[in-house]
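Geometric and topological summary
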Amino acid sequence: MANAASGMAVHDECKLKFLELKAKRTYRFIVFKIEEKQKQVVVEKLGEPTQSYDDFTASLPADECRYAVYDFDFVTSENCQKSRIFFIAWSPDTSRVRSKMIYASSKDRFKRELDGIQVELQATDPTEMGLDVIRSRAN
């Protein structure tokens, strides 16, 4: 269950909530947090389907690392309604070095637990995950 590099387990709720986002579109986004004492990734916040991208970015702490999944709806140039599931590794410059290291070493294993991610983004400040970046990566 745990990864040898970081020793982080993934709480079952992470996988269950992700499946609900992917299959039932129950949530717009999910923010995940590593609980260092329990050595596992847990769900920190669930975004309702009606919440916006601004609501999502506001739920990421300015000085702490997080993983997040965002279900982005868009219309293609052919006027087709589509959606892409983004995985965002949020690692702000102001976060603790130890925290950045733990999140970086656990990311790939955690991402593998979430089957169905279509686009991955790494962001160290809000401009690296602005809506314009999300739009350009969705196509």
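All values derive from a computational prediction rather than experimental measurement.

Here the focus is the overall build of the protein. Helices and strands together make up the secondary structure of the protein, namely four helices and six strands. Tracing the protein from N to C terminus, the helices and strands come up as β-α-β-β-α-β-β-α-β-α. For the protein, whose C-alpha radius of gyration is 15 Å, the value lies close to the compact-globule estimate of 14 Å for 139 residues. For the protein, the spread of C-alpha atoms along the principal axes amounts to about 45 × 30 × 20 Å. Burial status across the protein gives 43% buried among its 139 residues. For the protein, the computed accessible surface area is about 7500 Å², with 49% contributed by carbon and sulfur atoms. Looking at the protein, you have 22 positive and 22 negative side-chain charges, and the mean spots of the two groups are 4 Å apart.

On to unusual backbone geometry. Even without being a glycine, K39 presents a positive backbone phi close to 55 degrees. Checked against the element boundaries, K39 lands in the loop between β2 (29-35) and β3 (40-47). Not every positive phi belongs to a glycine, and N79 is a case in point at roughly 70 degrees. Mapping N79 onto the fold places it in the loop between β4 (66-75) and β5 (81-90). For N79, a relative accessible area of 65% translates into the label exposed.

Relative to the elements of secondary structure, R66 occurs in strand β4. Look at R66 and you get buried, because its relative accessible area is 5%. Here the side chain of R66 touches E64 through a polar contact of 3.0 Å, side chain to side chain. Apart from the residues within four sequence positions on either side, R66 is in contact with V31, F32, K33, E44, L60, P61, I88, A89, W90 and Y103.

Strand order in this open sheet of six strands is β1-β3-β2-β4-β5-β6, and the pairing throughout is mixed. Each end of this open sheet is capped by a strand with a single partner; those strands are β1 (9-10) and β6 (119-123). Note that β2 and β4 share four bridges and pair antiparallel. The partner of F32 across the bridge, within β4, is Y67. Strand contacts of helix α1 (residues 12-24): β1, β2, β3, β4 and β5, with the helix running at about 35 degrees to β3, the strand carrying the most contacts.

Structurally, the position occupied by S95 is in the loop between β5 and α3 (97-113). The class of S95 is buried, set by a relative accessible area of 6%. Reaching out from S95, the side chain makes a polar contact with the backbone oxygen of P92 at a distance of 2.7 Å. If we ignore the near neighbours within four places in the chain, the residues touching S95 are D63, E64, C65 and K100.

Here is what the cut-offs are and how they apply
Residues numbered from 1 in each chain as written. Predicted model: local features only at pLDDT ≥ 70, side-chain atom pairs only at ≥ 80, totals over all residues. Heavy atoms only, no water. Helix = DSSP H or I, 4+ residues; strand = E, 2+ residues; numbered from the N terminus. Rg over C-alpha atoms; globule rule 2.2 N^0.38 Å. Buried < 20%, exposed > 50% of the residue type's maximum accessible area, 1.4 Å probe, protein only. Areas by Shrake-Rupley, 256 points an atom, 1.4 Å probe, with all protein chains shown as cover. Lys, Arg positive; Asp, Glu negative; His and termini not counted. Charge placed at Lys NZ, Arg CZ, Asp CG, Glu CD. Polar contact = N/O pair within 3.5 Å; in protein donor to acceptor, adjacent residues only side chain to side chain. Contact = heavy atoms within 4.5 Å. Pairing = 2+ DSSP bridges. Axes fitted to C-alpha atoms, helices over the stretch in contact; angles between N-to-C directions.

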